[in-house]
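# Architecture at a glance
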Amino acid sequence: MDAVLSRVYPAFSISISYSNISTCENSLSQPIRPPLMARTYMHLLRATNSVGGDKIYPKHLKFAKRNREPQSRNSHPRKGSLNLPRKTDAVNLEVSPHRAVSAVRLMRIELGGAFADLLNEKGKGSGNNEMGYVERTLGFRTRDLDDRDLRLVTDIVGGTIRWRRYLDHLIMSLCHEENMFRGMEPLLLQILRIGFYEIVKLEMPPYAVVDENVRLAKAALRPGAGNLVNGILRKLVLLKEKNSLPLPKLEGNDRAQARVLAILYSHPVWMVRRWTKYLGQEEAIRLMMWNNSNPSFSLRANRRKGFTRDDLMMRLKTLKVPHEPSLHLDDFVRIGTGMQIVIQAGLLKEGLVVSLVDPHPGETIIDCCAAPGGKTLFMASLLSQKGMVSAIDVNNGRLRILKETAKLQGVDDVITFIHADLRIFSEKNPVKSDKVLLDAPCSGLGVLSKRPDLRWNKKLEDMEQLKNLQDDLLNAAALLVKPGGVLVYSTCSIDPEENEKRVAAFLLSHPDFRIEPADGYVPPDFITESGFYFSNPLKHSLDGSFAARLVRS
Ligand SMILES: C[S@@+](CC[C@H](N)C(=O)[O-])C[C@H]1O[C@@H](n2cnc3c(N)ncnc32)[C@H](O)[C@@H]1O
């Protein structure tokens, strides 16, 4: 029952412990700052703020505390702003459930740092508490979501996050004044973003969208909020009908153009500038369009194990995961949602980076940054119970997930789990292995289509920190390779600074290592002139990823 994901990372292999998560832009841009959080949504923050150990909106939280007025239910009639869970059994049938759930998920992601991709899967990440969050945030429950509602929530949440900058530009342009936008309460802003996204990007029937979002604002906030949503959305509908949305023109110098592109394609300015520098403006635009497209995943049936595409499709059907056969590749099946189900069913094996490691029975392998473990598990299964994979990770929680999955998949007998910082471990343990994989923490710039929130959480400064960390980890990993052994360095980034340039810097200080071209390990289409593995979203319609095979003399 093997399937191979035809890209380096699954959607959930996400957390980069070293990133500073922040929703504020870097100084290169003139950002549309998110509105001040004048009210607290502590139940959202408490529930989800610990992801990655970083806090979202710190300044705004301080602001909220400093300005807190004496709390009294009577003096705060707005719904959705109180910390205490409300007790109500009432199910609101007036409000469309998918919009209510989308608004609350967006609040959780933006205020609480919950991950968009985990939240998008049915019943996972958000768990069975979904209605609890809805009730505490909006003050009422809705009926449970059916499959169609869930698909809409996935579309709306993912799209609204991706297009946030573009939507905020439009919303701000249609507010009477900038301060109105900046001071807008978070829930009201999410409702407007949903309405704008539905009208402009999903092209849903506009007056129905207006009606539904007005209803949501009235029920979740107050009648005045509904009137405001009504006024702004109607303005938008008129402008859209006249084909005159207030969007900036692409003109001026490079910096000015980057700012415009950042709005039109909804990315941080620093990313636009970086890609324009590396790829040229045209390719940078294509890349942003890819990042904004709806993600799909390709699974490959592992024929070597006698598992055909029909078998794979049968399993997906049983698991109720919507899928379709690839038009171009015989063994491939494409799925849009349901990746969590695929992973839990143990149906997924990580592909091409592991092909570059090329594990054989009897070998010793160290997976230096192993969790949550897609590659460890695949490598372990290739050992046929002979040999050992040492799975190291600094994050104990993620390592625990790996342990549990290894047990479920029956490969835990060939894995040693090591909770350690690689840099310290490699100094203290003079072990030498046949193969070492360093799947390094990275910016994730190759997987932005699957991680809609990631672009807003990354800053230019993170890139410098990551480079240093990657260098340190490469140096540490090299200590674990025996003479004649292999070191594979991989990332899910398309940024040369994290890929080719890290390898070049490493080789300068490690003359005993040389590049072994990826020929013979991965399909030729994925091999660069320098012999590296590289999947390019613009060329392969897959997530971006990189790997280098380095052999020690
Ligand atoms: C890109 S993820 C690895 C994904 C994993 N290889 C897989 O296929 O599922 C990077 C991992 O590196 C770990 N990490 C970061 N710094 C580390 C360090 N100094 N030592 C060991 N692990 C580290 C993170 O906890 C994270 O789990």
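Residues numbered from 1 in each chain as written. Predicted model: local features only at pLDDT ≥ 70, side-chain atom pairs only at ≥ 80, totals over all residues. Heavy atoms only, no water.

## Quick word on the overall build of the chain
The helix and strand inventory of the chain stands at 24 helices and 13 strands. For the chain, the proportion of its 553 residues judged to be buried stands at 57%. For the chain, restricting intrachain contacts to residue pairs at least 6 apart in sequence, the fraction spanning at least 24 positions comes to 75%. For the chain, the accessible area works out to roughly 23400 Å², and carbon and sulfur atoms hold 51% of it. (Helix = DSSP H or I, 4+ residues; strand = E, 2+ residues; numbered from the N terminus. Buried < 20%, exposed > 50% of the residue type's maximum accessible area, 1.4 Å probe, protein only. Contact = heavy atoms within 4.5 Å. Areas by Shrake-Rupley, 256 points an atom, 1.4 Å probe, with all protein chains shown as cover.)

## With respect to the UniProt feature "binding site: S-adenosyl-L-methionine" (unreviewed entry) in the chain
Within this structure's numbering, the places UniProt gives as "binding site: S-adenosyl-L-methionine" (unreviewed entry) are Cys 369, Ala 370, Ala 371, Pro 372, Gly 373, Gly 374, Lys 375, Asp 393, Asp 421 and Asp 439. As for its position among the elements, Cys 369 is in the loop between β6 (364–367) and α18 (374–382). With residues up to four places along the chain from it excluded, the contact list for Cys 369 reads Ile 392, Asp 393, Leu 437, Leu 438, Asp 439, Pro 441 and Leu 473. Relative to the helices and strands, Pro 372 resides in the loop between β6 and α18. (UniProt positions renumbered as here; feature names shortened; annotations may be inferred.)

## Remarks on the pairing of strand β9 (residues 433–439)
Within β9, seven of the seven residues are buried, which leaves the element mostly enclosed by the surrounding structure. Sheet analysis places β6 next to β9, joined by three bridges and oriented parallel. If you follow Ile 365 over to β9, its bridge partner there is Lys 435. Pairing between β9 and strand β10 (residues 481–491): six bridges, direction parallel. What sits directly across from Asp 439, in β10, is Ser 490. (Pairing = 2+ DSSP bridges.)

## Some details on unusual backbone geometry
Of note, the bond from Ala 371 into Pro 372 is cis; its omega dihedral lies within 30 degrees of zero at 5°. Look at Asn 243: it is not a glycine, yet its phi comes out positive at around 55°. Examined against the element boundaries, Asn 243 turns out to sit in the loop between α11 (223–241) and α12 (254–264).

## Focus on the packing of helix α9 (residues 186–201) against α11
Two elements in contact, α9 and α11, have axes whose closest approach is 10 Å; the angle formed by their N-to-C orientations is 25°. Taken together, α9 and α11 sit at an angle that is classed as roughly parallel. As α9 runs across α11, the sense of the crossing is right-handed. Residues Leu 188, Ile 191, Leu 192, Gly 195, Phe 196, Ile 199 and Val 200 of α9 form the contact with α11, whose participating residues are Ala 225, Leu 228, Val 229, Ile 232, Leu 233, Leu 236, Val 237 and Lys 240. (Axes fitted to C-alpha atoms, helices over the stretch in contact; angles between N-to-C directions. Parallel < 35°, antiparallel > 145°, perpendicular 65-115°, else oblique. Left-handed = near helix turned anticlockwise from the far one by under 90°.)

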